[in-house]
Amino acid sequence: VSDADAEDSFCRLLSEGLTKKGNLLIEKSKSDVVPFIALEGKEWDSYVESLKESMQKNIRRRRKKLGAEFKARFVKTEDASRLREDFQAFMTLHGKRSGTVGRRDKFSLKAYRLFHQRLARKLVKQNRLHLSFLELNGERVASQYGFEYGGRLFAYQTGFDPKYKQWGVFQVLFGHIVEECCGRG
């Protein structure tokens, strides 16, 4: 059983019952926890103010600089008619980013790619897909793929064009996503 608290009374009873009756070995271990930002009740400005001063300045500076140099636009995939093209754009940006950090692009594996394409089709129909882009002068330069469940946004994979790294394009996109989440409450 994963995702279970070993100290929960039900889990203890289950564990004790299985080990006494069936000679089963129960292994308890902690797994990685998906990090998240608790935004309940926060507005964008109060969230930014809760960050370290250097991060606050960085967020403001990058947004201002991008706005002065480019026509920036945030795009979110919200209907199935755009999904095929948008998911391809995401995979392209993910592949570009993977190459810069010496990692294999997971989407180059056919089974992995097909699984996520199918998943994205189901999620967009359920209004749970989160596929966002930052465009600069009409060119998609950063992307974020994830899903929404239980009032939380799970950021699964990212991508960006390394030629725009100096602009902090993914950080700007991520800031916009957080701001959007704050706005929704």
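The structure this text deals with has already been given above.
Described below are features of the structure shown in this document. Values in this document were obtained by computation on a predicted structure and should not be read as measured data. (Residues numbered from 1 in each chain as written. Predicted model: local features only at pLDDT ≥ 70, side-chain atom pairs only at ≥ 80, totals over all residues. Heavy atoms only, no water.)

### Details of the environment of Leu 131
1) Next: With respect to the element layout, Leu 131 can be found in strand 2 (residues 129–136).
2) Next: Note on Leu 131: relative accessible area 0%, which makes it buried.
3) Next: Taking C-alpha positions, Leu 131 is 8.0 Å from Phe 90, a pair spaced 41 residues apart along the chain.
4) Next: Residues contacting Leu 131, with those up to four places away along its chain left out, are Val 75, Lys 76, Thr 77, Leu 83, Asp 86, Phe 87, Phe 90, Gln 144 and Tyr 145. (Helix = DSSP H or I, 4+ residues; strand = E, 2+ residues; numbered from the N terminus. Buried < 20%, exposed > 50% of the residue type's maximum accessible area, 1.4 Å probe, protein only. Contact = heavy atoms within 4.5 Å.)

### A word on the packing of helix 3 (residues 53–69) against helix 6 (residues 169–184)
1) Next: Contact geometry of helix 3 with helix 6 gives a least axis separation of 10 Å together with a crossing angle of 110°. Between helix 3 and helix 6, the interaxial angle falls into the category roughly perpendicular. Note on element contacts: helix 6 touches helix 3 through Gln 171, Val 172, Gly 175, His 176 and Glu 179, opposite Arg 62, Arg 63 and Leu 66.
2) Next: Along the lines of polarity and charge, the residues of the contact of helix 3 with helix 6 split into two nonpolar, three polar and three charged. (Axes fitted to C-alpha atoms, helices over the stretch in contact; angles between N-to-C directions. Parallel < 35°, antiparallel > 145°, perpendicular 65-115°, else oblique. Nonpolar A, V, L, I, M, F, W, Y, C, P; charged D, E, K, R; others polar.)

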